[in-house]
Amino acid sequence: MYRKRMQAALALAALWSLCGCFTYQEEIAFDEDGAGTLVYSFERGRQGLLTKLASEASWDNPVEDGEKLKAEKPAGLVLEKFVKQDNESTNRATFEGTFRAEHLDKFSAWKGHAEVEQVFGGISLRRVNDDWIFERKLAAPADLVEKAQKDTMNSKVTLKLTGPGKLLDHNGDKVEKKNTVVWEGTFADFVGGQKGGGVLRARFSVAKLNTMAVAAIGAIVFVVLAVVVIVSRKRPAATAG
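Keep in mind the model is a prediction, meaning the values are calculated, not measured. (Residues numbered from 1 in each chain as written. Predicted model: local features only at pLDDT ≥ 70, side-chain atom pairs only at ≥ 80, totals over all residues. Heavy atoms only, no water.)

(A) Structural view of empty space enclosed by the protein. Tallying each qualifying case throughout the model produces one cavity of 30 Å³ or more. As a volume, the largest cavity reaches approximately 50 Å³. In this structure, the largest cavity is lined by E26, I28, F134, R136, L159, K160, L161, W183 and L200. Put simply, the parts of the chain that give the lining of the largest cavity at least two residues each are β1 (23-30), β6 (131-137) and β7 (156-162). At three residues, β7 tops the list of elements feeding residues into the lining of the largest cavity. Split into classes, the residues belonging to the lining of the largest cavity amount to six nonpolar, no polar and three charged. (1 Å grid on protein atoms, 1.4 Å probe; cavity = no way out; pocket = protein on both sides within 12 Å on 5 of 7 lines; lining within 4 Å. Points joined across faces, edges and corners; volume = space filled by probe spheres on them. Helix = DSSP H or I, 4+ residues; strand = E, 2+ residues; numbered from the N terminus. Nonpolar A, V, L, I, M, F, W, Y, C, P; charged D, E, K, R; others polar.)

Right, dumping it as structure tokens:
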């Protein structure tokens, strides 16, 4: 009897923690070599011991666990910053982290923690000729999607991606500063496939102008203009004669 009451209490505490609103903001930026950073901020209500146990029993959020984020990372991926702050006046907790990667595709090579792979493992970046193609898969188990649709309606998720060169196409919600793609929505929108059909995409071009070709075109234009000027000067003289 006691065990059943304890399980019911834990389930209720977990539900209460999910119903509270939370905010997740993430910004990814990469350069022409594919190297980049990922900076995130996660804010939620503070949890008591019972609520924390119930929450971790259902799903351990890796963005709150600095030790797990530091462990078993692929080579070339570094957690440069992890900070947790408790605000007693607002009864909110904030977690902030900063990753630096020698190549963004390192995130997809993360193995060892299923929760971390669900959050960051879907990030991939590849180069095709002069184009960088970014993709992020947000697949989630059906039970998690159903739970998110019911219990996290007050959540707010914002993902931003800044790439080099020219932004050619994307499936984001809007664009900032010409080459920053922004996706916005609830947690359920992202894990349920409402955003990009479950895969966020963006393509950037880093093609450079051929200086020799530009110089040749400039020379041709100069010659044509010179011929036009010479011909235009000869016409009045011919008319007078």
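(B) Representation of the sheet that holds β1. What the seven strands build is an open sheet, ordered β3-β4-β2-β1-β7-β10-β9; its pairing is mixed. Single-partner strands in this sheet number two, and they are β3 (77-87) and β9 (174-176). On average, adjacent strands in this sheet sit at an angle of 15° to one another, irrespective of strand direction. As defined by bridge partners, β1 adjoins β7 across seven bridges and the pair is classed as parallel. Residue pairing in the sheet places E27 in a bridge with K160 of β7. (Pairing = 2+ DSSP bridges. Axes fitted to C-alpha atoms, helices over the stretch in contact; angles between N-to-C directions.)

(C) Molecular detail of the side chain of T98. Relative to the helices and strands, T98 resides in strand β4 (residues 92-101). Those residues in contact with T98 that sit more than four places away from it in its chain are L38, V39, V78, L79, E80 and K81. (Contact = heavy atoms within 4.5 Å.)

(D) Representation of the packing of aromatic side chains in the model. Tallying each qualifying case throughout the model produces 12 aromatic pairs. With a centroid separation of 6.2 Å and an interplanar angle of 75°, the aromatic rings of F30 and W132 are classed as edge-to-face. Here F30 is found in strand β1, whereas its partner W132 is found in strand β6, with 102 residues between them in sequence. With respect to class, F30 is no different from W132; both count as buried. Seen from their ring centres, F99 and F107 are 5.6 Å apart, and the 80° between their planes marks the pair as edge-to-face. Given a relative accessible area of 1%, F107 falls into the buried group. Following the ring pairs from residue to residue traces out a cluster consisting of F22, Y24, Y40, F42, F95, F99, F107, W110, F120 and F187. (Phe/Tyr/Trp six-rings, centres within 6.5 Å; stacked < 30°, edge-to-face > 60°. Buried < 20%, exposed > 50% of the residue type's maximum accessible area, 1.4 Å probe, protein only.)

(E) View of the pairing of β6. The element β6 is extensively covered by neighbouring structure, given that six of its seven residues are classed as buried. Of the strand pairs in this sheet, strand β5 (residues 123-128) and β6 are connected by six bridges, and their pairing is antiparallel. Bridge pairing in β6 places L125 opposite F134. What sits between β5 and β6 in their antiparallel hairpin is a turn of two residues, with N129 showing a positive phi close to 55°. Across seven bridges, the pairing between β6 and strand β11 (residues 199-205) is antiparallel. Opposite D131, over in β11, you have S205 as the bridge partner.

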